[in-house]
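Here is what each chain is made of, one letter per residue.
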Protein chains: 4
Amino acid sequence: MSHNCFGHLFRVTTFGESHGPALGAVVDGCPPGIELTAAEIRHALERRRPGQSRFTTQRREPDDVKILSGVFTDGNGRQVTTGTPIALMIDNTDQRTKDYNEIANKFRPGHADYAYDAKYGIRDYRGGGRASARETAARVAAGAVARKVVAGVSIRGALVQIGADRIDRERFDWSEVERNSLFCPDPRAARRWEDSLDEARRAGSSVGAVIEVIAEGVPAGWGAPIYGKLDAELASALMSINAVKGVEIGAGFAAAELSGEANADEMRSGNDGRAVFLSNHAGGVLGGISTGQTIVARFAVKPTSSILTPRLTIDSLGGDTEIVTKGRHDPCVGIRAVPVGEAMMAIVLADQFLRHRGQVG
Amino acid sequence: MSHNCFGHLFRVTTFGESHGPALGAVVDGCPPGIELTAAEIRHALERRRPGQSRFTTQRREPDDVKILSGVFTDGNGRQVTTGTPIALMIDNTDQRTKDYNEIANKFRPGHADYAYDAKYGIRDYRGGGRASARETAARVAAGAVARKVVAGVSIRGALVQIGADRIDRERFDWSEVERNSLFCPDPRAARRWEDSLDEARRAGSSVGAVIEVIAEGVPAGWGAPIYGKLDAELASALMSINAVKGVEIGAGFAAAELSGEANADEMRSGNDGRAVFLSNHAGGVLGGISTGQTIVARFAVKPTSSILTPRLTIDSLGGDTEIVTKGRHDPCVGIRAVPVGEAMMAIVLADQFLRHRGQVG
Amino acid sequence: MSHNCFGHLFRVTTFGESHGPALGAVVDGCPPGIELTAAEIRHALERRRPGQSRFTTQRREPDDVKILSGVFTDGNGRQVTTGTPIALMIDNTDQRTKDYNEIANKFRPGHADYAYDAKYGIRDYRGGGRASARETAARVAAGAVARKVVAGVSIRGALVQIGADRIDRERFDWSEVERNSLFCPDPRAARRWEDSLDEARRAGSSVGAVIEVIAEGVPAGWGAPIYGKLDAELASALMSINAVKGVEIGAGFAAAELSGEANADEMRSGNDGRAVFLSNHAGGVLGGISTGQTIVARFAVKPTSSILTPRLTIDSLGGDTEIVTKGRHDPCVGIRAVPVGEAMMAIVLADQFLRHRGQVG
Amino acid sequence: MSHNCFGHLFRVTTFGESHGPALGAVVDGCPPGIELTAAEIRHALERRRPGQSRFTTQRREPDDVKILSGVFTDGNGRQVTTGTPIALMIDNTDQRTKDYNEIANKFRPGHADYAYDAKYGIRDYRGGGRASARETAARVAAGAVARKVVAGVSIRGALVQIGADRIDRERFDWSEVERNSLFCPDPRAARRWEDSLDEARRAGSSVGAVIEVIAEGVPAGWGAPIYGKLDAELASALMSINAVKGVEIGAGFAAAELSGEANADEMRSGNDGRAVFLSNHAGGVLGGISTGQTIVARFAVKPTSSILTPRLTIDSLGGDTEIVTKGRHDPCVGIRAVPVGEAMMAIVLADQFLRHRGQVG
């Protein structure tokens, strides 16, 4: 996990700025013989694509991914991975650079502008450059590969909170998630959220969100003690997504309020000698290693920093000024974070799976 | 960040089980010429030492650390780092192995027992082995070295919540933290917590906690885009601490409930052209890079899993059984997590500082 | 150094097969503010380009490199690096796939065919796929970036032996290297080599070579003890080049034949207190760390494995067969290895420079 | 491979100076369930131990290794690895520090003194500190663990050249290697070498050597393309040994003198469909991946730099001076490099085995 690279045996390096010629990812260490086509990756990209509803940015890119390397046609005519690096490239075609001229010399509050400038002395300000949410397209593309590496694992995400408004856990229905444009598992909450998002959009404001991502089918034993812990790597992976400010596993922060008795996930013997857990406060991870239960993670996304209300800021010469961020933006960047969270979960699991197989066999 | 190693340029590898001959850390990549004595590290270890109050485990080890390598006497008679690996070793002297015989073949709910067994097929069950909170002594020792690498940065931690009882933020006073055995910055909360901890201890139960760690004096510019983000590495480092279930930066999960206007940290021009921020919802990190504000992180620790109430579990043969975890234990493992959280923050910052200096100069 | 990635702070990940859509490199960790244009990289690629003389393969690709990310126009109108990943892409345009159909199911002796098949179960056989010398174009492109990171260091390479015929060290003249198509520093040897290469080409045979690469201007202090040694990383980098079978530093294998007295490079005091060495058997590296002398490395390249004489081999079904490798090939792949060796030296030095600056300041 | 750490899944971090309290290694990533005792490691250390004959340094340390972590007694009473880090510690007991006072302020030619001082500004000069050949004890200890990870592979080393005097390849007999104190496979050469070593010792001089290390039983498929190549990692591992100036694989530098026809290792079909090679110029590696043939590597060790003839040098104040290195030293440090080379080969193979199993299964 260094600079722009994530993973150990299944390594994803992403590159690209919002308004450069292209962005993409190199997936190194993918096992050979896995069927993989650009169409599948494109399908995954569709889910995070901007411009799908009035609640997400109006940038309308086809996100047409190309596989530049690492696949070949096998004896059965299938295109499969060869074990060599899989380079994925997505051209940037819808770049309205003129929209961003105003921000060339002003630092937008809540954005990475000031920090990048302090670090590097220069930044590609167009659309946020490297810090743009557009970078997550490369993660989703790489995540589509990762999913195939852990094909027996089902990874799903849902929006469980917008602003202060949470779903009703009793009504949680995974099949609803794909039926609305908000990845919401509770249809009543979805309707409320549509109203509040409309309101935020009209006001030029924005709202935050909480996303839950789960993985079913992970066997007991993936992960590593101490620093390569499954939950520590999930925390890093999810916190690395743009605008994320918090990550929790299982009961998460609420665990602090439980007694030891309530928090302990008791066990009974299953048919095959494996444990059947009577609860899942641990979120499927104990001591950094999977227990065979569903892996459960949640992460909080701050409200989109691009808003129409003028905000106080400074310019690159150090003078006081104000800024209004115009252009195409999401009132809630958390919506698109759902497939990104799934992708990062998939990448972490693919890496941990290969590492486990390497060490333990 | 792999298996038992953390960091990139400033690398910490820890080793050791709770009841093996010794545990320790190898700190690789420490800059040369930094004064370092065993006494200083011992001082840091004192703060996390068990047996200090009735609220922490009664294991009474002196935690006498030895520096096995990497230091030498300079021309001024000071013992300084030489740039070579600093090996730190802490002998395990107070090992009451007989206490743990009962758990050899039973998996304690909430502990790593089952997961380790599923992964490795064998585990050192004595005191939790590698998954024991005792491993954090090695982190604190390494953290003492890290602090000296970022000597201009002040890193402090405090307990801000026990169970559901939070401190009063209006009364937050850093000087109080060292005056009570609970690292509590609010003296009224400290008194309430003492009562509830006494109660938990009498009941053989346990409670969770939330810890806040801050770093003042980090200049703008440390961190890296995308996967080497300062906040992502903090998340990984803090989540890797035993029993941690959640991590947040700045406003954290509460950021989801803010509007874009409220969340944006506005800026004014400071004397030296650097930004003065009017708030710190970001917790000192934007786009994965420090902004010059105070770095603020919080993490949630679950209630100690070792409790006196019998819990349902299975044994290593897959049979149903019950378990009561006797022995020396903390009613709130979160207390000792305060210096551990500080140590991990120091390690992350030392690493990011060296990486920044390497890339940018 | 993992799979397809080289370097620690200055990290180069390459991707691509000989006959896939494209190949390239992602350079992660490059310092910001360095002027960089595609034209410069293209210039570096020109030096290794096939089709330049009758002694190198007749594949005539323009090697037109695109910079996909990581650069931006600064305030002075210069295109500079921004500190984010620099993705470099070279399209594969001259792919005569039909040439390679015969080798789809036969393993060419001396090639990676059999080993790839044993490892991955599938391989892109076209032109050698990932194992093609064409992959070195990505290294040379990345090396062009690395050279700019260590702009004060002069890195040069020369062919010092073809077959058993060595240059006359007395006649070594760096200015000659760019005057002939064989990178030969001794004009008389160049003429002899042209004859022997013509002969090899006519006979459908091939010859090996030894390349010397030097770096002048490296200050004392780069490198690291034990496993991150400057010479160990050079050895890895040069051995990773296709067809390389040996690497030596300074006196190299000849050092084994020297006495301790003859081998020791004595020192005298220079004007600035730095050492002036009276000889350079060490090749500029002691204890894994640069001494301020010229870094000297040599590597041996085996004869091109693609030859016109039929060779015994087996096919993918395990049957005995014969093979003749037709198509466009170098009689001496070692010639093109000169700029590749320079590139790898540059990458190692850029990485060690940044690591040194990180650790020591 | 960074600073003081080697390997990717099977990671070895070593620490310690020649005259500090102790040196050792942390082996992280070792698979669980492998029987491992200190006695076995001690046995391996015996082979490299100084003081065994009049040709090696007279330092007489017992090299008594302790296993501090990572092993536990399994159900059958065997002490086995648990999958957690294995910390190995060797106390430094025979430290005659007074011998080294003279070199505190003088840089010994051929030693790392000057380079360490230039890099770090301070060095532990006693016995060479971190750059002492004593560090290789930690490698041999870690190598003993690595051998057990690849238990089906036979790894052996031999001295094949001392000074300019090579063994007769026709007389190569592995059983001879353990019969003389020079690891020499040719008894006639062993007698000649004893004479020349006696002469060097009497003259206070030293001689270089070439070591060959082989691994039999490595299946086809270990390794990785491009930068994680099996031969590239071997080159790095062997070049990282003290005093090594050259590494070659298979035919090595001699390959440069072969024709393509002579160099190609032809194949015939074996009983099981696997290739039977008719020669092994490749040294068991093609395209960075093992072929199933014997892995063959050689490395050149320069003559011991500590000699009794006065040499010109400078002191730490930049003044001209002379130095004679007294004390206990080997006339040929290459002898003890034999078990070290075996250890590094074992570490590389253990790592590549686990990585292969991780990626390919």
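Just so it is clear, the structure is predicted and the values come from calculations on it, not from any experiment.

Basis of the calculations
- Residues numbered from 1 in each chain as written.
- Chains lettered and ligands numbered in written order.
- Predicted model: local features only at pLDDT ≥ 70, side-chain atom pairs only at ≥ 80, totals over all residues.
- Heavy atoms only, no water.
- Helix = DSSP H or I, 4+ residues; strand = E, 2+ residues; numbered from the N terminus.
- Rg over C-alpha atoms; globule rule 2.2 N^0.38 Å.
- Contact = heavy atoms within 4.5 Å.
- Areas by Shrake-Rupley, 256 points an atom, 1.4 Å probe, with all protein chains shown as cover.
- Disulfide = S-S within 2.5 Å.
- Buried < 20%, exposed > 50% of the residue type's maximum accessible area, 1.4 Å probe, protein only.
- Least-squares fit on C-alpha atoms with pLDDT ≥ 70 in both.
- Phe/Tyr/Trp six-rings, centres within 6.5 Å; stacked < 30°, edge-to-face > 60°.
- Axes fitted to C-alpha atoms, helices over the stretch in contact; angles between N-to-C directions.
- Left-handed = near helix turned anticlockwise from the far one by under 90°.
- Nonpolar A, V, L, I, M, F, W, Y, C, P; charged D, E, K, R; others polar.
- Buried area = accessible area lost by both parts, 1.4 Å probe.
- Salt bridge = Lys/Arg side-chain N within 4 Å of Asp/Glu carboxyl O.
- Polar contact = N/O pair within 3.5 Å; in protein donor to acceptor, adjacent residues only side chain to side chain.
- UniProt positions renumbered as here; feature names shortened; annotations may be inferred.
- Pairing = 2+ DSSP bridges.

Let us now look at the overall build of chain A. Looking only at helices and strands, chain A features eight helices and 18 strands. Against the compact-globule benchmark of 21 Å for 361 residues, chain A has a radius of gyration of 21 Å, which places it among compact chains. Structurally, chain A occupies a C-alpha span of about 65 × 55 × 40 Å along its principal axes. For chain A, restricting intrachain contacts to residue pairs at least 6 apart in sequence, the fraction spanning at least 24 positions comes to 70%. For chain A, the computed accessible surface area is about 10600 Å², with 47% contributed by carbon and sulfur atoms.

Tallying each qualifying case throughout the model produces zero disulfides over all chains. With no disulfide of its own, Cys-5 of chain C lies closest to Cys-5 of chain A among cysteine sulfurs, the gap being 6.0 Å. A relative accessible area of 3% means that Cys-5 of chain C is categorised as buried.

Here we come to the relation of the copies chain D and chain A. In screw terms, the move from chain D to chain A is a rotation of 180° and a rise of 0.0 Å along the axis, fitting with an RMSD of 0.0 Å. Here the two chains are linked by the operation of a two-fold rotation axis. Rotation axis and chain D: the residue whose C-alpha lies nearest the axis is Gly-358 of chain D, separated from it by 1.8 Å. Of the interface residues in chain D, 94% have counterparts in chain A that sit at the interface too, so the contact is made through matching surfaces.

Here we come to the packing of aromatic side chains. In this description, an aromatic ring pair is defined by two values, namely the gap between the centres and the angle between the planes. Throughout the structure, instances matching the rule amount to 30 aromatic pairs over all chains. The interplanar angle of 80° and the centroid separation of 5.4 Å between the aromatic rings of Phe-107 of chain A and Tyr-114 of chain A together place this pair among those described as edge-to-face.

Residue and element names in this part refer to chain C. Interhelical geometry of helix α6 (residues 230-239) versus helix α8 (residues 337-360) gives an angle of 145° and a closest axis separation of 9 Å. Crossing handedness for the pair α6 and α8: right-handed. Every residue of α8 that contacts α6 at Leu-230, Glu-233, Leu-234, Ala-237 and Leu-238 is listed here: Gly-341, Met-344, Met-345, Val-348, Leu-349, Asp-351, Gln-352 and Arg-355. The residue inventory of the contact of α6 with α8, partitioned by class, reads eight nonpolar, two polar and three charged.

Before going further, it helps to examine the relation of the copies chain A and chain B. When chain A is fitted onto chain B, the two copies agree to an RMSD of 0.0 Å after a turn of 180° and an axial shift of 0.0 Å. Comparing contact sets, 100% of the residues at the interface of chain A also lie at the interface in chain B, consistent with an isologous, same-surface contact.

Bringing the interface of chain D and chain A into the picture now. Put simply, an interface is often sized by how much accessible area is lost when its parts join up. Taken together, the contact between chain D and chain A spans 16 residues of the former and 16 residues of the latter. Between chain D and chain A, the buried area comes to about 1200 Å², and carbon and sulfur atoms account for 57% of it. Of all residues in chain D, His-8, Arg-357 and Gln-359 of chain D give up the largest surface area on contact with chain A, accounting jointly for 42% of the area buried on that side. Across the chain D-chain A interface, the total number found is zero salt bridges. Taken together, the connections running from chain D to chain A amount to 12 residue pairs in polar contact (both at pLDDT 80 or more).

Quick look at the UniProt feature "binding site: FMN" (unreviewed entry) in chain A now. All names here are of chain A. Following the UniProt record, one finds the feature "binding site: FMN" (unreviewed entry) at Arg-130, Ala-131, Ser-132, Asn-242, Ala-243, Gly-287, Lys-302, Pro-303, Thr-304, Ser-305, Ser-306 and Arg-328. Discounting chain neighbours no more than four positions away, the residues touching Ser-132 are Ser-18, Gly-127 and Asn-242. Engagement of the side chain of Ser-132 in a polar contact is seen with the backbone nitrogen of Arg-134, the distance being 2.9 Å.

In this section: the sheet that holds strand β4 (residues 65-67) of chain D. Residue and element names in this part refer to chain D. Read across the open sheet, the five strands follow the order β1-β2-β3-β7-β4; overall the sheet is antiparallel. Edge positions in the sheet fall to β1 (5-6) and β4, since each has one partner strand and no second. Pairing of strand β2 (residues 11-16) with strand β3 (residues 22-28), which is carried by six bridges, proceeds in the antiparallel orientation. Pairing of Arg-11 across the sheet is with Asp-28, part of β3. Where helix α1 (residues 38-48) meets the sheet, it contacts β4 and β7 (86-91), and its direction lies at approximately 150° from that of β4.

Relative to the assigned elements, Arg-298 of chain B resides in strand β16 (residues 295-301). Overall, the relative accessible area of 13% leaves Arg-298 of chain B in the buried class. Here the side chain of Arg-298 of chain B touches Glu-212 of chain B through a polar contact of 3.2 Å, side chain to side chain. Of the polar contacts made by the side chain of Arg-298 of chain B, one reaches the side chain of Glu-248 of chain B; its length is 2.8 Å. If we ignore the near neighbours within four places in the chain, the residues touching Arg-298 of chain B are Phe-253 of chain A together with Val-160, Arg-169, Val-210, Ile-211, Glu-212, Gly-246, Val-247, Glu-248, Gly-250, Ala-251 and Gly-252 of chain B.

Our next topic: helix α2 (residues 113-120) of chain C. With respect to burial, α2 of chain C is a largely interior element, six of its eight residues being buried. Residues Asp-113, Tyr-114, Ala-115, Tyr-116, Lys-119 and Tyr-120 of chain C constitute the buried set of α2 of chain C.

All names here are of chain B. For strand β2 (residues 11-16), the buried fraction is high: six of the six residues fall into the buried class. With burial as the criterion, each face of β2 is covered, one bearing Arg-11, Thr-13 and Phe-15 and the other bearing Val-12, Thr-14 and Gly-16. Pairing between strand β1 (residues 5-6) and β2: two bridges, direction antiparallel. Counterpart to Phe-6 in the pairing with β2 is Val-12.

Residues and elements named next belong to chain A. Burial within strand β16 (residues 295-301) is extensive, with seven of its seven residues counted as buried. Here β16 shows two buried faces, one formed by Ile-295, Ala-297, Phe-299 and Val-301 and the other by Val-296, Arg-298 and Ala-300. With seven bridges connecting them, strand β10 (residues 209-216) and β16 associate as antiparallel partners. Across the sheet, residue Glu-212 finds its bridge partner in β16, namely Arg-298. By the bridge criterion, five bridges tie strand β11 (residues 244-249) to β16 in an arrangement that is antiparallel. For Glu-248, the partnering residue across the bridge sits in β16 and is Arg-298.

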